[in-house]
Structures are given as structure tokens and as C-alpha cells.
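One letter stands for each residue in the lines below.
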Amino acid sequence: MKNWIVIGATSAIAESVCRLWAVRGYNLFLVGRSQDKLDMVAKDYQVRGAAGVHTQTLDVKDHGQHQSCWDAAMKAMGTVDGILIAHGTLPDQKQCEASYDSAFDEINVNALSVISLCTLAANEFEKQNSGHIAVISSVAGDRGRQSNYVYGAAKGMVSIFLQGLRNRLFKSGVYVTTIKPGFVDTPMTAEFDKSGPLWASPDQVAAGIIRAIDKKRSVVYLPWFWLGVMLIIRSIPEIVFKRLSL
Amino acid sequence: MAKPYVSWGRYPYKEQRGIDLHWRPETLPEEGFFLPQGNARSYGDSCMLKEGTVLSTRFMNRFIEFDTATGLMRCEAGVTLAEVLSVAEPQGWFLPVTPGTKFATVGGCIANDVHGKNHHVAGTFGCHVTRFELLRSDGSVRTCSSGNHPEWYAATIGGLGLTGFITWAELQLKKVPNSAVNVENIKYQNLSEFFTLSEASESGFEYTVAWVDCLASGVNLGRGHFSRANHARPMQPRPSQSKLTLSMPLDPPISLVNSLSLQAFNWAYYHRQLEKVRCQTSHYDPFFYPLDHVHNWNRMYGPNGFLQYQCVIPMENSEAAITELLQRIGRANYGSFLAVLKVFGNVESPALNSFPRPGTTLALDFPYAGHKTMRMFDELDQVVVQAGGALYPAKDAHMKAEHFKSFYPNADKLESMRDPKITSSFWQRVMEAE
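Calculation criteria
Residues numbered from 1 in each chain as written. Chains lettered and ligands numbered in written order. Predicted model: local features only at pLDDT ≥ 70, side-chain atom pairs only at ≥ 80, totals over all residues. Heavy atoms only, no water. Salt bridge = Lys/Arg side-chain N within 4 Å of Asp/Glu carboxyl O. Helix = DSSP H or I, 4+ residues; strand = E, 2+ residues; numbered from the N terminus. 1 Å grid on protein atoms, 1.4 Å probe; cavity = no way out; pocket = protein on both sides within 12 Å on 5 of 7 lines; lining within 4 Å. Points joined across faces, edges and corners; volume = space filled by probe spheres on them. Nonpolar A, V, L, I, M, F, W, Y, C, P; charged D, E, K, R; others polar. Phe/Tyr/Trp six-rings, centres within 6.5 Å; stacked < 30°, edge-to-face > 60°. Buried < 20%, exposed > 50% of the residue type's maximum accessible area, 1.4 Å probe, protein only. Expected span 1.5 Å × (residues − 1). Arc of directions from axis to C-beta. Contact = heavy atoms within 4.5 Å. Buried area = accessible area lost by both parts, 1.4 Å probe. Polar contact = N/O pair within 3.5 Å; in protein donor to acceptor, adjacent residues only side chain to side chain. Disulfide = S-S within 2.5 Å. pLDDT = per-residue confidence, 0-100. Pairing = 2+ DSSP bridges. Axes fitted to C-alpha atoms, helices over the stretch in contact; angles between N-to-C directions. Patch = residues over 30% accessible without salt bridge, like charges linked within 9 Å, V, L, I, M, F, W, Y side chains within 5 Å. Areas by Shrake-Rupley, 256 points an atom, 1.4 Å probe, with all protein chains shown as cover. Lys, Arg positive; Asp, Glu negative; His and termini not counted. Right-handed = clockwise from strand over helix to strand, strands pointing away.

Let's shift gears to the pattern of salt bridges. This model, assessed by the stated rule, comprises 31 salt bridges over all chains. The salt bridge partner of R143 of chain A is E238 of chain A, with a shortest N-O separation of 2.5 Å. Taken together, the residues R143 of chain A in the loop between β5 (132–136) and α6 (149–169) and E238 of chain A in helix α9 (residues 238–241) connect sequence positions 95 residues apart. Across the pair R58 of chain B and D185 of chain A runs a salt bridge, and its minimum N-O distance is 3.1 Å. Placement of the pair is R58 of chain B in the loop between β3 (53–56) and β4 (63–67) and D185 of chain A in the loop between β6 (175–181) and α7 (202–214), with the two residues belonging to separate chains. Three or more residues joined by partner-sharing salt bridges are found here, namely E15, R19, D44 and R48 of chain A together with R24, R62, E76 and E83 of chain B.

Now the structure itself:
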């Protein structure tokens, strides 16, 4: 049995991951904004076989509450083996261009709150010389594009922060996994036309996340072909890239 | 990924507007018409709505409660039978009734009051639904059971999704010793042997079904393989489930099912077993869901899609009418390798409108070939109507309005209980076409 904290536990990808963990009999501490939704997913994991399910509401933007959330998890489970950070929003890029306040909000939710939680988890795990931090970043963080550079900047900040954190925690035996999904068919992307071949289901991505965590991978693109796609996107010279409408 | 919201037969193939519901809704959309949809495994247009929006439950699929002592399971409407089995079967519980695919949702199974290979002993899916919650566009919410709002309970089972939106349902599962089934496969010569076997197997076997070589004619008409099975007694080791799945990744430009491939397949499939009777113990999965191992098998019919023709004929007319149906299909050298015969029993469903009734059901797939298909179906309809039979809405894309009303005498009652904001392409076709 393993004890995992899941932040953003009612997001579609986190839910798919937790279902698989429930089947394995994990003990889960679920954190999300809505108690009603947390209750619904908690019951589901109980039926599927989770050893224990605990819930806690949290607005991740309220960084002051992060420590007490962690303490509640420790109290509920005794020890923590890992934390999966899966919350996020998809900003309205146009609105972020028009208003710095909107851009700040999005960066706060998608990056600063993640950094706050990772800092907490890193220090706790470093003390116990074990633990696993897995964070859902995005392929969007690999290069800034005009269509979503605020989201991309936030995810890029997360990816780079995790690189450094992984480097720091290596000698403590703490693992850090950066998860970079491409397009996933979730409520966050409800406004998109999802008929193309690049779209993956939350279940597919969840299976990849669990594989990556089991194998203690450092960085994983999901599905795998995004590794190639982003390799190409990253290698386009800026002089050309700035002229593209991506 | 594949285009969602399109029905399994991909005929009539229409781009379909849909909304994915991720959480149990508290109200229904106020704009326009809509139709609840599960995993879109109905073949024709009963899960489609041309001018409106389908409300898909494919992501509304959480379990709510499972009492492993009593086998009562409560879950959201979008939970598939595969998921029910994955949770229940390891704990000794099984679906009381299952159709030939495990990818149907619980909500869809209620809406179509589906049946399985055990209809002669267990009746329909609806017989095992203890209660469900029905949300209507007027904002009303009812928990329906045989004792609570019985009229809504009866109308919603087999109600084609029209009476409202099912948010969750509770099923009474069935205790089984393990995952194994003992299967007897009997190669039989002709239709009358099928009926003899079926009658002889009714009391001793929980599951019966036959595959028919729909191209065999003359003295061989109706020949095929009769399968009968029971859940196995406790045993060690348990048979394991094959992990092998195949997939049709692309749409072939033309149907791979044609008269040549059909002749070859049916001949080989009939002769695959040399001995008369073959007994084996296997995992339940290949016995109940052989086609689920090929993902998107519907694509093999090419871009035009396919239709299924499934009828039921009262027992007294069964042999004559099914002989006639098979003769007509054989003469046209048209059909497919999916031809299934089964004798229904007389366990009564709580449904107001339900397809299964005492008699024999025949189901066949046909690649869509324009007028040829519709002419053939018209001919088959004549036989079914004269024999006092009925057609199955979940499989249908052609049934005529006047026939529907004679097959389902309570259709008007269902119409009166239909949610005014809900309709389907099927319902418009059979009810509003006059």
C-alpha cells in the first residue's frame, strides 16, 4: 500500500490516475476545490478498492493554506510516499494579453501554487530521504507560442523548477517526475475541436503517468509521440518561428 | 481519436453535436432539444438526434456504492458493463444480464432494456434494475423503483432515453463462483435441429445462443453452432483472460464484408469444428464478448456503415418465419457473418415497452448498400409483420412508423411521458413521420 496526495483530484487526468491507484489498493488524500465533487470521486475509489480515501478542500491560490493541507494529509495517512500535482486552468490568452491581472492569476494557479506545494513536499521528503513528486506540466511549456504563451510560460516555469528540484533531491533519494501531456480530451479543453489524431483520452494519459511514476522517470511526454513533435518545434530557429502562426 | 457521438452502425452517418457531461447534472440544458447518450453502441439512430444535442455520459462514470454482501451496486449512468465487471467479478459478482458487448453503459442498457444469452431464465436487464434517479427538464428529480414512481420506472426501462436523464442506477448483481464458464459448442445441421437443441437446453443451461451460417440453403438451411453454457463451479486455477486485443485502426475505402468474403468466412467458420460437440471451460470474456476483442470492428464495413436487422418471432410461427427470412437472405447472397439465433423465454420485464418477448430472435448485420438494403429490409418486414413479430429499436435504422406502433402498442403512452425537451432521430422517424 502507498500513500499519495493528489492535488486537483477532481481533474479528469487525476481522476483516471486515481482509479488505477484505487485498484492497486493505494491510500489516497484528495485535494480539490469542491467538496461535492471530492465526495463523488472518493466514493468511486472506495468501490474500486482504495485502502483509504480522505478529502480536503483547498483553493491552491491561497498559498498560506498549503502547509495545513500537508499536515492534514500526514495526520490522515501517517506517512506520505508521493504527491501528484494535477490542478490547472487553461487561460483565455486574449484576456491575459489585455490584462496583467488575468495573466498573473493564471501564472499564480498554474505555476506559483505548484512551486509553493513542491517546496513544501521537497523539504518534507528530503527529511525522510524518500518520496516522489510528480507534476503535470505541459508540452506548452517547451516553447512560447502566440496562441497560449501565458499558459506556456507558467508550465515552462514549472518544468524548469522541477529540473532544478530533481537535481537537488537526487542525493536524497527523492524522485521528481515532470509529466508533459499534449492535447487531452478533458473538460479543460471543452472548447476545442477534438477530431484530430493528436488528441488522447485521460485514461491513455493516466496509464502513461502511472508507468512513468512506477519507473521513476524524470521527464515523460504523453502520448510518446509528443517527444518528437516538441523536438521539432523546439529546434525551429527563432528567426523562422516568430513568423509562424502557431 | 474517433469521432464521438456517432452510432455504432455508422448509418445514418451524421455529424452529431454533443456535450460531454463529467458530473451528474442538477438541471438539463434549457436551449433546444437533446438526447441522453451512453457509449453510442446502439446501431442505428435511436442514440442520435439530428437537430439538437446529445448529452453524452461517457465521462460520467463513477461508482457510488457496492455492497459485496448483497451484490447491490449503485453507479452513475455512464459506467460501462466492462467497468462493472472489473469491480464486481473479482469479488464474486456478475452481471445478471449482459448483451454481446461490454462497452454499453448501464444507462444505455436500461434505456434499451437489453437482453442476453440468459433471457430464457433471467429476462431482460430491466428485471434487475432495483432503482434509478430520473432528472427531467422541468427540474424534477425522481428516484424510481417498482414501488416508488412505478409508472416512471416502467416507462424509463426500455424508454429509449426519452423520459428524462438517468443520473444513476442501482443493479442487483448475481453471485458466481468464479470467472469461468463451461461451454458446450454443438455443430447442428439445420433449423429444426436448432429448435430441438434449444428446447432441450432450456432447463439445464443458463446461457444459450446460436451462430447461423446465413448463406447455407436447402437441407442445410439454418445450420450453425449452438452454444450453451453455465457458470463453472469453484475451481483452481481459474482460467485467465487473454490480454490480446486487435483493432481496426482505419476506415477501409470499401466494405471488407462482401459476398466473396462472406461465403469464405461462413464456410470456414461452420467447419472450424470437426466433431459434433466440443466442451471447454473458458474465461467468461471470450464467451460473452467475442467481438469486443476487435476494437472498432464496425469499421470493417467501410465508409457506408452497416445496419443490423433484429427481429423476434412468436414461438408458434418461429420455424416457418425464420425459414422464410433465411431463404430470402440466402437468395440475395447478402448478409454477414454475424448472424445470431436465440429463443427468448417468458420472464416478464417491468418495462412499458420492451423488445424481448416469448419467441425466437434472429439478428443479422448487413453492409449498407443503398436501395438494395432497404428493399431487402422491406421484404423481411413483411415476413415479420405477418408472423406477428417485432423489430428492435436499438438496432434499427429503417423501421416504418406503422410497424413500430403495431410492434409496440404502448408507444403512445411513452410519447405522453416523454420529456418535452428530449427526442431522438429514431423517435422522430417512427412517431412524427405521419
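From this point on, the discussion continues.
For the rest of this paragraph, the subject is empty space enclosed by the protein. Within this structure, the stated rule accounts for 3 cavities of 30 Å³ or more. Volume-wise, the largest cavity comes out at about 100 Å³. Forming the boundary of the largest cavity are 14 residues, of which G158, L160, N353, P393 and Y408 of chain B lie nearest the centre. In terms of residue class, the lining of the largest cavity is made up of 9 nonpolar, 4 polar and 1 charged. As for the second largest cavity, its lining consists of I5, I7, H66, C69, W70, I83 and L117 of chain A.

All chains considered together, the criterion is met by 34 aromatic pairs over all chains. Measuring from centroid to centroid gives 6.0 Å for F288 of chain B and Y289 of chain B, while their planes differ by 45 degrees, and the two rings are tilted. Relative accessible area serves as the criterion here: at 2%, F288 of chain B is assigned to the buried category. An angle of 20 degrees between the planes, with centres 4.3 Å apart, marks the rings of Y301 of chain B and F306 of chain B as stacked. Of the two residues examined, Y301 of chain B and F306 of chain B, each falls in the buried class. Grouping aromatic residues by their ring pairs yields a cluster made of F183, F192, W199, W224, F225 and W226 of chain A.

Turning to helix α9 (residues 371–386) of chain B, a few remarks are in order. Residues and elements named next belong to chain B. Compared with an ideal rise of 1.5 Å per residue, which puts 16 residues at 22 Å, α9 spans 23 Å between its outermost C-alpha atoms and is within 8% of the ideal. The complete set of buried residues in α9 reads T373, M376, F377, L380, D381, V383 and V384. Looking straight down α9, one finds its buried side chains confined to an arc of 165 degrees; they lie on one side. In α9, the exposed positions angled more than 90 degrees off the buried face are occupied by H371, R375 and Q386. Looking at the buried side of α9, the elements it contacts are β17 (306–313), α8 (315–331), β19 (359–367), β20 (390–391) and α10 (401–407). Downstream of α9 by one or two residues, G388 has phi in the positive range, about 75 degrees.

When the terminal C-alpha atoms of helix α2 (residues 35–48) of chain A are compared, their 20 Å separation across 14 residues agrees well with the 20 Å that a helix rising 1.5 Å per residue should span. Looking at the buried residues of α2 of chain A, the elements they touch are α1 (12–23), β2 (27–32) and β3 (52–57) of chain A together with β4, β5 (72–76) and α1 (81–88) of chain B. One or two positions beyond α2 of chain A, positive phi appears at G49 of chain A, with a value near 120 degrees.

Attention now goes to the interface of chain B and chain A. If you look at the interface, chain B gives 18 residues, while chain A gives 19 residues. When the two sides are added together, the surface that chain B and chain A hide from each other amounts to roughly 1500 Å², 59% of it contributed by carbon and sulfur. At the boundary of chain B with chain A, the tally comes to 5 residue pairs in polar contact (both at pLDDT 80 or more). When residues of the side of chain B that touches chain A are traced back to their parent elements, those giving at least two are β4 and α1 of chain B. In terms of residues, the side of chain B that touches chain A owes the most to one element, β4 of chain B, which gives 4 residues. Of the residues contributing to the side of chain B that touches chain A, the split by class is 7 nonpolar, 3 polar and 8 charged.

Moving on, we get to the state of the cysteines. Simply put, disulfide is the name for a covalent bond between the sulfur atoms of two cysteines. Going through the model one piece at a time under the given rule, you end up with 0 disulfides over all chains. Just so you know, C118 of chain A is unpaired, no disulfide at all, and the nearest cysteine sulfur is the one on C69 of chain A, 13 Å from it. Residue classification places C118 of chain A among the buried positions, given a relative accessible area of 1%. As a non-bridged cysteine, C311 of chain B has C214 of chain B as the owner of its nearest cysteine sulfur, 13 Å distant. Residue classification places C311 of chain B among the buried positions, given a relative accessible area of 0%.

With that settled, consider the confidence of the model for chain B. Scored by pLDDT, chain B comes out at a mean of 93, with 99% of its residues at no less than 70. We note a pTM of 0.93 for the whole complex and an ipTM of 0.91 for its interfaces.

Take the sheet that holds strand β9 (residues 165–172) of chain B next. Pairing in this open sheet of 5 strands is antiparallel, and the strands run β4-β5-β9-β7-β8 (chain B) from one edge to the other. Looking at strand neighbours, the two that pair on one side only are β4 and β8 (141–144) of chain B, the edges of this open sheet. Between one strand axis and the next, the sheet turns through 10 degrees on average, direction left out of account. Pairing between strand β7 (residues 129–135) of chain B and β8 of chain B: 4 bridges, direction antiparallel. Residue E133 of chain B lies in a different strand from β8 of chain B, and its bridge partner there is T143 of chain B. The sheet strands contacting α2 of chain A are β4 and β5 of chain B, and the helix crosses β4 of chain B at an angle near 35 degrees. Where α1 of chain B meets the sheet, it contacts β4 and β5 of chain B, and its direction lies at approximately 40 degrees from that of β4 of chain B.

With that out of the way, let us pick up the sheet that holds β5 of chain A. Sheets are built from strands that pair by backbone hydrogen bonding, the pairs being arranged parallel or antiparallel. Residues and elements named next belong to chain A. Read across the open sheet, the 7 strands follow the order β3-β2-β1-β4-β5-β6-β7; overall the sheet is parallel. The open sheet has two edge strands with one neighbour each: β3 and β7 (219–222). Taken over all neighbouring pairs, the strand axes of this sheet differ in orientation by 15 degrees on average, direction set aside. In this structure, strand β1 (residues 3–7) lies alongside β2, joined through 5 bridges in parallel fashion. Paired with N3 across the strands is N27, a residue of β2.

On the surface, a nonpolar cluster with roughly 320 Å² of combined accessible area is contributed by I239, V240, L244 and L246 of chain A. On the accessibility criterion, V240 of chain A (39% relative accessible area) is partly exposed.

Residues and elements named next belong to chain B. Here K187 lies in strand β11 (residues 180–188). Here K187 occupies a buried position and makes no salt bridge, while the nearest side chain of opposite charge, E275, is found at 7.5 Å. Polar side-chain contacts of K187 include one of 2.8 Å to the backbone oxygen of Q273. Not counting the four nearest positions on each side in its chain, K187 is found in contact with E193, G224, H225, Y270, H271, Q273, L274, E275 and K276.

All names here are of chain A. Pairing geometry for β6 and β7, over 4 bridges, is parallel. Across the sheet, T178 pairs through a bridge with V219, a residue of β7. In this view, the connection linking β6 to its parallel neighbour β7 by way of α7 has left-handed handedness.

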